[in-house]
Amino acid sequence: MILAFSSCRQEEASPIRNVKAGPTLLRVQAGDGPCVSYTYFLDNQKKSLGSVFTKQVLVSFSDGLSTEAEADILAKYEFVKGKNGQLSSNSAILHNVELTDGLNCKEVERAMRLLAGEAAITYVAPYFLNEDGLLGISNEAIVTVQDGQDAALQQLATTYRAEVLMQLSGKTYLVRVDKDSKGNALELANFLKNKPGIAHAEPDFVVSLQVSEETTYPVVTRRSRLALAQ
């Protein structure tokens, strides 16, 4: 039962889409300054996620791409080691993409923006490592509306360039985002907090098992309150 996450939205077109992007260039483009510390709300209590995990990110691709085509896209970026497993949300296949060693959190945030600049990549989001384990932000959020406020959620989702995917039960809905939305599922949940007509919103999380400092194994585990409802 968990969480809300930070975002990696496509804020600008990548200036190096057609050439290899390595850690050195990432370092220059990321610039100086502190890393962002991300938060979410659980039962109206603010929880800290800290800065983004620097070993891997979540990526989804356009439908119909072959495994080889996906690998070719990632091969353009020298900060990517390759894919390490996948799992499915209700609306996408999410791939764990391993990153090269030595990146810091600002460089990973920049890397996510570069990946989101690829036409064939539809979603990019970070992982976070804290006391709850290794948690990734899926492309979906779980939203509960107040009585009679279904239309309010639809309007807010349209404003955010998100999609109300399905009704889970009663007043609870599953909302989908992609890289063209204003933010990822964590940012959507934080955006919806305290909005008129919204009772509760939180991202649906991907849980991975961290076996060592270098290796993670994805676990097909449902996330957040959605897991309890199924």
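Refer to the structure above for everything that follows.
Residues numbered from 1 in each chain as written. Predicted model: local features only at pLDDT ≥ 70, side-chain atom pairs only at ≥ 80, totals over all residues. Heavy atoms only, no water.

A. Molecular detail of the state of the cysteines. Taken as a whole and judged by the stated rule, the model has one disulfide. Note that C35 is cross-linked by a disulfide to C105, the S-S spacing being 1.6 Å. Taking the torsion about the S-S bond as the criterion, the C35 to C105 disulfide, at about 85°, is right-handed. Of this pair, C35 sits in the loop between α1 (23-30) and β1 (38-42) while C105 sits in helix α3 (residues 105-116), placing them 70 residues apart in sequence. C105 sits in the buried class, given a relative accessible area of 9%. (Disulfide = S-S within 2.5 Å. Helix = DSSP H or I, 4+ residues; strand = E, 2+ residues; numbered from the N terminus. Buried < 20%, exposed > 50% of the residue type's maximum accessible area, 1.4 Å probe, protein only.)

B. Structural view of helix α2 (residues 67-75). Among the residues of α2, E70, I73 and L74 are the ones counted as buried. For α2, the angular spread of buried residues about the axis comes to 95°, placing them on one side. What points out from α2, more than 90 degrees from its buried face, is the exposed set E68 and D72. Where the residues of α2 are buried, they touch β3 (56-61), β4 (80-88), β5 (93-99), α3 and β6 (121-130). (Arc of directions from axis to C-beta. Contact = heavy atoms within 4.5 Å.)

C. Inspection of unusual backbone geometry at higher detail. Even without being a glycine, R161 presents a positive backbone phi close to 60°. Within the secondary structure layout, R161 lies in the loop between α4 (150-159) and β8 (163-169). Despite not being glycine, N194 shows a phi value in the positive range, around 70°. Within the secondary structure layout, N194 lies in the loop between α5 (185-192) and β10 (198-210).

D. Local environment of the packing of aromatic side chains. The full count for this structure, using the stated rule, is four aromatic pairs. An angle of 65° between the planes, with centres 5.3 Å apart, marks the rings of Y38 and F128 as edge-to-face. Taken together, the residues Y38 in strand β1 and F128 in strand β6 connect sequence positions 90 residues apart. Note on accessibility: Y38 and F128 belong to one class, buried. Over the ring of F41 we find K193, and its NZ or CZ is 4.5 Å from the ring centre. Above the plane of the ring of F191 lies K195, whose end atom (NZ or CZ) is 4.2 Å from the centre. (Phe/Tyr/Trp six-rings, centres within 6.5 Å; stacked < 30°, edge-to-face > 60°. Lys NZ or Arg CZ within 6 Å of the ring centre and 35° of its normal.)

E. Just the pattern of salt bridges, in detail. Overall, the coordinates contain six salt bridges when judged by the stated rule. Its salt-bridge partner being E70, residue K83 comes within 2.5 Å of it at the nearest N-O pair. You can see K83 sitting in strand β4 and its partner E70 sitting in helix α2, a full 13 residues away along the chain. As a salt-bridge pair, K171 and D147 come within 2.9 Å of each other at their nearest N and O atoms. Here K171, found in the loop between β8 and β9 (172-176), pairs with D147, found in the loop between β7 (133-145) and α4; they are 24 residues apart in sequence, far enough to count as distant. In this structure D147 comes out as exposed when scored by relative accessible area, which is 61%. A cluster of three or more residues bridged by salt bridges with shared partners is formed by K55, K81 and D101. (Salt bridge = Lys/Arg side-chain N within 4 Å of Asp/Glu carboxyl O.)

F. How the structure looks around α3. Over its 12 residues, α3 extends 17 Å from the first C-alpha to the last, a length consistent with the 16 Å expected when each residue adds 1.5 Å. Within α3, 11 of the 12 residues are buried, which leaves the element mostly enclosed by the surrounding structure. Buried within α3 are the following residues: C105, K106, E107, V108, E109, R110, A111, M112, L114, L115 and A116. (Expected span 1.5 Å × (residues − 1).)

G. Main features of the environment of Y123. On the secondary structure map, Y123 appears in strand β6. With relative accessibility at 2%, the residue Y123 sits in the buried group. As for Y123 and D180, which are separated by 57 residues in sequence, their C-alpha atoms are 8.4 Å apart. Look past the residues within four positions of Y123 in its chain and what remains in contact with it is L58, V59, S60, L94, I137, S138, N139, V177, D178, K179, N184 and A185. Separated by 3.4 Å, the side chain of Y123 and the backbone nitrogen of A185 make a polar contact. (Polar contact = N/O pair within 3.5 Å; in protein donor to acceptor, adjacent residues only side chain to side chain.)

That is the geometry; function is a separate question.
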